[in-house]
Amino acid sequence: KRRVVWGLGIGLPAIALILLAIPMFNLFHAHEHCIKGTGLSLRTYAVDHGGKFPFHTNGFGDAILLLLKELGEPPGEFTAPGDDGSLYKECLKTGAHMPEERCTRAYVQGLTDTNNFQIALVFDRYPTRGGDHFRRPWGPLLREVAMLDGSMEVVREEKWPEFRRKQIELLVAEGISRAQAEKLYAPFKQAFVPAQPRGR
């Protein structure tokens, strides 16, 4: 019995440490950019503002800052995997402008909770392997999306062009100009290389 207890006392912690060292099982690194939390934060803001999601005339980066200030939410919910949110933190601290082109997740502002629930309200501007929920270096390239109703979708990169096309049409149908919709879904040009988890 003593051997069994001693084995469990040594073996179980060792197994736990091994699992934590593997990105696939590392719960401390999962959901650092939880898109589900992003959707919930936006829905909460809308409830407090007559159904309107955050809006700012200087662009969606500053609209996100409005939400972060009011709800006290962590910037990670509005950053794609690999972005530590340091720029948002700096803007919150100094009151500086948050340029849209520096945002690693795009946010479609100007909508309310009465708009089409099939619209993607926030989405990753570049794909990462396994996304935020299942990050691993050998996973498929994914983008995570928060829909207008607060739900979450995961889109494989090979399906992104069709997803993008449909979303642009949905935005145009809701009164957003085609030029603005296409700008939201334009390739991410900022010199930003997302950090990838270590290999096996």
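Rules and cut-offs
- Residues numbered from 1 in each chain as written.
- Predicted model: local features only at pLDDT ≥ 70, side-chain atom pairs only at ≥ 80, totals over all residues.
- Heavy atoms only, no water.
- Phe/Tyr/Trp six-rings, centres within 6.5 Å; stacked < 30°, edge-to-face > 60°.
- Helix = DSSP H or I, 4+ residues; strand = E, 2+ residues; numbered from the N terminus.
- Buried < 20%, exposed > 50% of the residue type's maximum accessible area, 1.4 Å probe, protein only.
- Polar contact = N/O pair within 3.5 Å; in protein donor to acceptor, adjacent residues only side chain to side chain.
- pLDDT = per-residue confidence, 0-100.
- Contact = heavy atoms within 4.5 Å.

**Examining the packing of aromatic side chains**
Using the criterion set out here, one finds 5 aromatic pairs in the structure. Relative to Phe188, the ring of Tyr126 has its centre 5.8 Å away and its plane inclined at 40°; by these criteria the two rings are tilted. Here the residue Tyr126 occupies a position in the loop between β2 (120–124) and β3 (128–129), and Phe188 occupies one in the segment after α6 (178–184), the gap between them amounting to 62 residues. Both rings, one in Trp160 and one in Tyr185, keep their centres 5.9 Å apart while their planes meet at 35°; by these two values the pair is tilted. Taken together, the residues Trp160 in helix α5 (residues 160–173) and Tyr185 in the segment after α6 connect sequence positions 25 residues apart. Like Tyr185, Trp160 is buried. Three or more aromatic residues joined by ring pairs form one cluster here, namely Phe123, Trp160, Phe163 and Tyr185.

**As for the side chain of Arg105**
Among the structural elements, Arg105 can be located in strand β1 (residues 105–107). In terms of polar contacts, Arg105 uses its side chain to reach the backbone carbonyl oxygen of Glu77, at 3.0 Å. Of the polar contacts made by the side chain of Arg105, one reaches the side chain of Asp124; its length is 2.5 Å.

**As for the confidence of the model for the protein**
Across the protein, the average pLDDT comes to 83, with 74% of residues at or above 70. The lowest-confidence element of the protein is helix α1 (residues 2–21), averaging 51 in pLDDT; the highest-confidence one is α5, averaging 98. Scored below 50 in pLDDT, residues 16–30 makes 15 contacts in the model with residues more than four places away or belonging to other chains. Residue range residues 193–200 is modelled with pLDDT below 50. Its contacts to residues more than four positions away, or to other chains, number 16 contacts.

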